[in-house]
Amino acid sequence: MFRLWILATIVAVTLATTLHSVRTAGRGPGAAAPLPSRLRRLGRVCYLLVLAGVGLAGLTGVVGAGLRGVPMEGYGLLLHVAAGGVFAPALAALAVLWADRNRFGSPQPFSLGQKICFWMMLACGLVMILTGIGPMFRLFGTEAQRAVIAIHRHAALALLATAIFHIYLSVRYRGV
Amino acid sequence: MIHGRASISWVLLLAAARFALAQEGGLAGDATELLLTDSLSPFVHRITLYDADGVAIAPDDIHPKPYSPARTCGKCHPYGAIGDGWHFNAARPEAPAGRPGEPWFLVDLPTGTQAPLSYRDWPGAWDPAVFGLTEWEMIERFGRHQPGGGIGERPADGESEPDPDAPWATAGRLEIDCLACHSAAAGFDQTQRAEQIAQRNLAWAPTATAGFGIVRGSTKNLPADFNPDFDTPPADATQLEYDATQFDANDRVFFDVTRGIPAERCYFCHTTRVDRPVDDLAGAPPRRWLSEGDVHLAAGLSCVSCHRNGLDHQIVRGYADERPGDPFAQAFTCAGCHYGNAEADDPALARGGRLGSPRSDHPGIPPLHFEELSCTACHAGPLPGETARRVQTAMAHGLGLADRHRPYDDPPFIQEPVFLEGDDDVYRPYRLMWPSFWGRVGTAGEVTPLAPEEVMGTARAALGARRGMKPAAWQPLETGQIAEALAALAEPDGGGEPVYISGGVTYRLSDDALTTETGWAAAAPYTWPLAHDVRPAAQALGAGSGGVSGCLDCHAPDSPFYFGKVAAEGLVAPRRAALLPMHMLMGEDAKLLGAWGLSFAWRTLLKVIGLISAGVIAVVLALYGAAGGRWLLRSCGRGGGADPGEGI
């Protein structure tokens, strides 16, 4: 079932990017709002770390286990957890650094699509972090853990799709 | 010649009697013939004893014969069907082999042999015939811890190969002794079984163990040409004197029997004595009075609460795929009792909680563990330490038989717990023994064992000094002896290169020099899963203790589960066996396990980082979420769409 969700997500992201590029063809990039360059650099680093974490966790989780329909284990699981250890603080820092610039109704630099993606990334990321570390505590029984892991996987898929679309928009508008 | 005629006569007599009884309904057949009370209150078994000929026994018989369980119990119970049960059917070709269990161990100290034997097709166990052991010899060696039946009475069934040297004709058959399991009498003496088998009084064993009479003498003392039909036995031959006080006025005897078999009955054959860790054999042995036994027994259950059977005596062994599709067998596995079997039609079987078994949610343990580990991996056997422990068993070491000088250092050397991955990709604790035997290499590289007698006969010069070696004074083989024996066993006209296997090592001669190799399939250890004693939940792996995370029970860089040592114990000097980490036997990647262990050192930090990060993100979402909501409402009020200059 999860494999179907993965395939559906791939189709959805492809369709969304294609449709968007067709509809917005010829439009220019937005102008970046003033921000101290050090913070801009830090924000970019955090953004890249978030993407790296999402990429690595996605590679090990979605491709390594989800598509193959096998549980995560071994080196893959080690990398996955390590990626999570990078992703979580990077996303938190990014939230602090970029929240104001992604406020709806605020002027440039980000497009509405980027803003929506940003907040979705934060929401999915929060779910992922909680469902990632939750099972490490003696809180959930076996069935509850299975449910938590299922939530983690689906939130991860949503995050991955959103991140890809965010990358696309960022490249499209050079707004990061 | 006369002896041979007597044997044939005896066998024919038994066969004829069996046939006659079957024809006349002397043995209970199918369920419709059974004498039943259908009450939960037990039937008082005050019954007449019958001998093997079906003749009623009275205590004042002039030449009393031993009582026959087949005739006595078989009057009302389907002896034949019971004989197909698990405890009796090992040698039947049609009987399923089932999961490997504890085999019999052929131990021959003079030749340095310790080899697993079984009539069941268990990987790593040899058919006794391969080592030259006949069914008679198997009974003579191991009948002490068998309930009878099976090969003990196969000669009369005509199923086995004739063994002209076996004294079945005079010793009689070792029938299924129903009381071996079902006796509730405190005076039921199983050691008498061993004693009577040692005296070749097979047919007399049930009478002696039940204490219905005193058996003296031995069929060994019968003259070679003794004819039971015509000759009077000598005074030192087997004599039976019934205890008249046990017979009532109608010559009936009270059988104190029970369906609720007490654990003590099972323990006669299934006791273990846990010894020291294999790297500390000079230390003090464990104090048995500190042992608490199985938690299920402590809770008031008995072995047969879970290991149940119907009239067919196909006892539930209790593992998951024992009888696929049989919901009743599945109901008495660990998971079946505690959690139920969701696929069962019977709602009681589906719900679980049988016998009041608690249902743990196992909080904090990732579900993967329940797919890759058996319940026993965390809950059964002695708590694992840095090295596996030696363990003795009743079947292998004759526990249960009185002995003033039972050494701990007594082959076969069995170790537990050894964690391994089964063919079903599930990890569980095992008992393990490294075989030691002489063999010849076949053309396909396979090793065929040699019988100890053949080895000793051919290599007498090398091994002769070891003849008669007893367990208490046991000495390992010297490499010089091995080389000399291998040279003696070499056949100039081919016939297979002789090798000696011990402790996972294969010894062979190369240019007259002794060489050693490892990795031979025949040298691999024999292993079988262990499931008892079950420890209480607080002592399960993963429970943790003293503030230390339960995860570290297995995921520490030096955890016994992966890094505990197993000794490759053989019967060769010097006796410093190589210590192998369990992950090596599992075939696991040590670097990966080390990395996992290291990752758990950072786990607390990861949790802290995760919680702080989640907190920060939650605050940001909360602060900006409200503003975002207001913007959304405003936008909707305007008819939707982004702010000017805020294109998608």
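Everything here concerns the structure above.
Residues numbered from 1 in each chain as written. Chains lettered and ligands numbered in written order. Predicted model: local features only at pLDDT ≥ 70, side-chain atom pairs only at ≥ 80, totals over all residues. Heavy atoms only, no water.

Engineer: With reference to specific residues and values, describe the overall build of chain B.
Structural biologist: Looking only at helices and strands, chain B has 26 helices and 18 strands in total. Each principal axis of the C-alpha distribution contributes one length, and for chain B these read about 120 × 75 × 45 Å. Taken over 648 residues, chain B has a buried fraction of 46%. Taking the contacts inside chain B whose residues are at least 6 apart along the sequence as the reference set, 62% of them involve residues at least 24 apart. Just so you have it, chain B exposes about 31,100 Å², and 57% of that area is on carbon and sulfur atoms. In chain B, which carries 52 positive and 80 negative side-chain charges, the distance between the mean positions of the two groups comes to 6 Å. (Helix = DSSP H or I, 4+ residues; strand = E, 2+ residues; numbered from the N terminus. Buried < 20%, exposed > 50% of the residue type's maximum accessible area, 1.4 Å probe, protein only. Contact = heavy atoms within 4.5 Å. Areas by Shrake-Rupley, 256 points an atom, 1.4 Å probe, with all protein chains shown as cover. Lys, Arg positive; Asp, Glu negative; His and termini not counted. Charge placed at Lys NZ, Arg CZ, Asp CG, Glu CD.)

Engineer: How would you sum up the nonpolar core? Please name residues and give values.
Structural biologist: Judged by nonpolar contacts, the single largest core of 39 residues is most densely connected at A:Val50, A:Leu122 and B:Ile617. Put simply, the parts of the chain that give this core at least two residues each are helix H1 (2–23), helix H2 (37–66), helix H3 (74–98), helix H4 (112–133) and helix H5 (142–173) of chain A together with helix H26 (603–637) of chain B. Not counting the four nearest positions on each side in its chain, B:Ile617 is found in contact with A:Ala88, A:Leu91, A:Ala92, A:Ala95, A:Leu122, A:Leu126 and A:Ile129. Counting residues in hydrophobic clusters, the runner-up holds 29 residues, among them B:Leu106, B:Phe142, B:Ala166 and B:Ile197. (Core = buried A, V, L, I, M, F, W, Y, C linked by side-chain atoms within 4.5 Å.)

Engineer: Can you tell me about the interface of chain B and chain A, naming the residues and giving the values?
Structural biologist: Each side of the interface is counted separately: chain B has 42 residues, and chain A has 47 residues. For the pair chain B and chain A, the summed buried surface comes to about 3,600 Å²; carbon and sulfur atoms form 71% of the total. For the pair chain B and chain A, the interface holds 1 salt bridge. Where chain B meets chain A, there are 9 residue pairs in polar contact (both at pLDDT 80 or more). Looking at the side of chain B that touches chain A, the elements that each hand over two or more residues are helix H16 (368–372), helix H25 (590–601) and H26 of chain B. (Buried area = accessible area lost by both parts, 1.4 Å probe. Salt bridge = Lys/Arg side-chain N within 4 Å of Asp/Glu carboxyl O. Polar contact = N/O pair within 3.5 Å; in protein donor to acceptor, adjacent residues only side chain to side chain.)

Engineer: Describe the pattern of salt bridges, listing the residues and the values that go with them.
Structural biologist: Scanning the entire structure with this criterion turns up 19 salt bridges over all chains. Put simply, B:Lys65 and B:Asp53 hold a salt bridge, and the shortest N to O gap is 3.0 Å. Of the two residues, B:Lys65 sits in the loop between strand S1 (45–48) and helix H2 (69–72) while B:Asp53 sits in the loop between S1 and H2, which places them 12 residues apart along the sequence. B:Lys65 gets classed as partly exposed once you look at its relative accessible area, which sits at 41%. Using a relative accessible area of 30% as the deciding quantity, one classes B:Asp53 as partly exposed. Here B:Asp326 makes a salt bridge to B:Arg323, at a shortest N to O gap of 3.6 Å. A relative accessible area of 22% means that B:Asp326 is categorised as partly exposed. Overlapping salt bridges bring together A:Glu143, A:Arg146 and B:Glu371 as one network.

Engineer: If you had to explain the environment of B:Leu420 to someone new, which residues and values would you point to?
Structural biologist: Residues and elements named next belong to chain B. Secondary-structure assignment places Leu-420 in strand S9 (residues 414–421). By relative accessible area, which is 10% here, Leu-420 ends up buried. Measuring from C-alpha to C-alpha, the distance between Leu-420 and Thr-191 comes to 35 Å, with 229 residues separating the pair along the chain. Those residues in contact with Leu-420, other than ones at most four positions away along the chain, are Val-426, Tyr-427, Arg-428, Tyr-430, Thr-527, Leu-585 and Met-586.

Engineer: Residues and numbers for the environment of B:Leu623, please.
Structural biologist: Residues and elements named next belong to chain B. Its location among the elements puts Leu-623 in helix H26. According to the relative accessible area criterion, Leu-623 is exposed, its value standing at 60%. For the pair Leu-623 and Asp-189, spaced 434 residues apart in sequence, the C-alpha separation works out to 81 Å.

Engineer: Break down the packing of H4(A) against H5(A) for me, with residues and values.
Structural biologist: Residue and element names in this part refer to chain A. Relative orientation of the contacting elements H4 and H5 amounts to 155°, with a least axis distance of 8 Å. Judged on the interaxial angle alone, H5 and H4 are roughly antiparallel. In this structure, H4 meets H5 at a crossing whose hand is left-handed. Residue classes in the contact of H4 with H5 are distributed as 17 nonpolar, 9 polar and no charged. (Axes fitted to C-alpha atoms, helices over the stretch in contact; angles between N-to-C directions. Parallel < 35°, antiparallel > 145°, perpendicular 65-115°, else oblique. Left-handed = near helix turned anticlockwise from the far one by under 90°. Nonpolar A, V, L, I, M, F, W, Y, C, P; charged D, E, K, R; others polar.)

Engineer: Tell me about a nonpolar patch on the surface, and please be specific about residues and values.
Structural biologist: Residues and elements named next belong to chain A. Residues Met-1, Leu-4, Trp-5, Leu-7, Ile-10, Leu-56, Leu-59, Val-63, Leu-67 and Leu-79 make up a contiguous nonpolar surface patch of roughly 970 Å² in combined accessible area. Those elements giving two or more residues to the nonpolar patch turn out to be H1 and H2. For the nonpolar patch, the leading source of residues is H1, giving 4 residues. With respect to the helices and strands, the residue Leu-7 is situated in helix H1. Residue classification places Leu-7 among the partly exposed residues on the basis of a relative accessible area of 46%. (Patch = residues over 30% accessible without salt bridge, like charges linked within 9 Å, V, L, I, M, F, W, Y side chains within 5 Å.)

Engineer: Residue-level account of the side chain of B:Ser68, with values.
Structural biologist: Checked against the element boundaries, B:Ser68 lands in the loop between S1 and H2. In this structure B:Ser68 touches B:Tyr50, B:Asp51, B:Ala52, B:Cys73 and B:Glu175, once residues within four positions along its chain are discounted.

Engineer: Give a detailed account of unusual backbone geometry, specifying residues and quantitative values.
Structural biologist: Residues and elements named next belong to chain B. Here the amide bond leading from Pro-411 into Pro-412 is cis, since omega sits at 5°, within 30 degrees of zero. The omega torsion across His-532 and Asp-533 is -5°, close enough to zero to call that bond cis. One non-glycine residue, Asp-38, adopts positive backbone phi at about 55°. Summarising the element assignment, Asp-38 is placed in the loop between helix H1 (2–24) and S1. Judged by its relative accessible area of 73%, Asp-38 is exposed. In this structure, Leu-355 takes a positive phi of about 55° despite not being glycine. As for its placement among the helices and strands, Leu-355 is situated in the loop between helix H15 (347–351) and H16.

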